[in-house]
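# What the coordinates show
Residues per chain, in single letters:
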Amino acid sequence: MTIRIGLGVFGMQAVPQRPDHHVKLYRDLLEDAELAESIGFDSIWLSEHHFWFDGYCPADLAAAGAILGRTTTLGVGTAVMLLPMHSVQKVADDAAVISRLGEGRLSLGVALGYRDPEFDGFGIRRKDRGKLMDAML
């Protein structure tokens, strides 16, 4: 049996206790990924939210692509991507390209979402999230 150890969840948030600029937070993410790979972690995991006051990462596939470009063995997972907030075709295309560029090191984890401001911001009724998720999967 093989045990795989991942590191996360990274959201790239700037909070009062850590009021860093977002450029620094994303730079730190890439450095953390390189460090994680160098000390033997198998993967790093990202999380997505939209319209948060703290700048929570709204594009984990883009961040995953950057990590995969900076590492050679580290896997990257979305834990989780809020699938109903996206175009299923765009997610499929982006994930396929990023997975190919990363030589299969991308793991795509998806979820329904739960925050009303996110659904409102995308013009989606929260009560439709289950039907949307089923159709997108």
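The structure contained in this document is the topic of the report that follows. Owing to the predicted nature of the structure, the values given are computational and were not obtained by experimental measurement. Residue numbers restart at each chain and count upward from 1, following the sequence in its written direction. Predicted model: local features are reported for residues with pLDDT of at least 70 only, side-chain atom pairs are reported and counted for 80 or more only, and whole-chain, interface and lining totals are derived from all residues. Side-chain measures were taken over the full set of non-hydrogen atoms in the model, leaving aside hydrogen atoms and water.

Turning to the pattern of salt bridges, a few remarks are in order. One side chain can pair with another of opposite charge once the charged atoms of both are near each other. Here a salt bridge means any side-chain nitrogen of Lys or Arg lying within 4 Å of a carboxyl oxygen belonging to Asp or Glu. One pass over the full model with this rule turns up eight salt bridges. Residue R70 is joined to E34 by a salt bridge in which the shortest nitrogen-to-oxygen separation is 3.0 Å. On the criterion of sequence distance, the pair formed by R70 in helix 2 (residues 60–70) and E34 in helix 1 (residues 22–38) is long-range, its members being 36 residues apart. Exposure remark for E34: the relative accessible area of 30% places this residue in the partly exposed category. A salt bridge links D128 to K131; its shortest N-O distance comes to 3.7 Å. When its relative accessible area of 16% is taken as the criterion, D128 is described as buried. Using a 1.4 Å probe on the protein chains alone, a residue whose accessible area is under 20% of its type maximum counts as buried, one over 50% counts as exposed, and one in between counts as partly exposed. Using a relative accessible area of 59% as the deciding quantity, one classes K131 as exposed. Among the charged side chains, a network of salt bridges with common partners joins D20, K24 and D28. Per the convention used, a helix needs a DSSP run of H or I reaching at least four residues, while a strand needs a run of E reaching at least two, with both numbered from the N terminus.

The next subject is the nonpolar core. Of all hydrophobic cores here, the largest spans 26 residues; its most connected members are M12, L29, I44, L46, I67, V76 and L106. Where this core is concerned, the elements lending two or more residues are helix 1, strand 2 (43–46), helix 2, strand 3 (75–82), helix 3 (88–101) and helix 5 (129–136). Put simply, buried Ala, Val, Leu, Ile, Met, Phe, Trp, Tyr and Cys residues joined by side-chain atoms within 4.5 Å make one nonpolar core.

With that settled, the discussion passes to the packing of helix 1 against helix 2. The axes used here are C-alpha line fits, helices contributing only the stretch in contact, and every angle between their N-to-C directions lies in the interval 0 to 180 degrees. Look at helix 1 against helix 2: their axes get within 9 Å of each other, and the N-to-C directions meet at 45°. One element, helix 1, and the other, helix 2, form an angle in the oblique class. Every pair of crossing elements has a handedness; the one defined by helix 1 and helix 2 is right-handed. Contacts between helix 1 and helix 2 involve L29, L30, E31, A33 and E34 from the first element and A63, A66, I67 and R70 from the second. Looking at the contact of helix 1 with helix 2, its residues break down into six nonpolar, no polar and three charged. Note on terminology: angles under 35 degrees are roughly parallel, angles over 145 are roughly antiparallel, angles of 65 to 115 are roughly perpendicular, and the others are oblique. Each crossing gets its hand from how the near helix is turned against the far one by less than a right angle, where anticlockwise is left-handed and clockwise is right-handed. In this description, contact between two residues means that some pair of their heavy atoms is separated by no more than 4.5 Å. Note that Gly is not counted as nonpolar here; it falls among the polar residues with everything else outside the nonpolar set of Ala, Val, Leu, Ile, Met, Phe, Trp, Tyr, Cys and Pro and the charged set of Asp, Glu, Lys and Arg.

Below, the discussion takes up the packing of aromatic side chains. To pair, rings of Phe, Tyr and Trp, with the six-membered ring standing in for Trp, must have centres within 6.5 Å; the planes then decide the type, stacked if under 30 degrees apart, edge-to-face if over 60, and tilted in the middle. Under the defined criterion, the tally for this structure stands at two aromatic pairs. Taking 5.5 Å as the distance between ring centres and 55° as the angle between the ring planes, the aromatic pair formed by F51 and F122 counts as tilted. Remark: F122 occurs in the loop between helix 4 (116–121) and helix 5 and F51 occurs in the loop between strand 2 and helix 2; sequence separation between them is 71 residues. On the basis of an interplanar angle of 35° and a centroid distance of 6.0 Å, the ring pair of W52 and Y56 is categorised as tilted. A ring has a charge above it when a Lys NZ or an Arg CZ is no more than 6 Å from the ring centre and no more than 35 degrees off the ring normal. Directly above the ring of W52 sits R115, whose terminal nitrogen or CZ lies 4.1 Å from the centroid.

With that settled, consider the pairing of strand 1 (residues 6–10). At least two DSSP bridges between two strands are required for those strands to pair. Where strand 1 meets strand 2, three bridges bridge the pair, whose relative direction is parallel. Within strand 2, the position partnered with G6 by the bridge is S43. When the strands point away from the viewer, a crossover counts as right-handed if the path from the first strand over the helix to the second runs clockwise. Running through helix 1, the crossover from strand 1 to the neighbouring parallel element strand 2 is right-handed.

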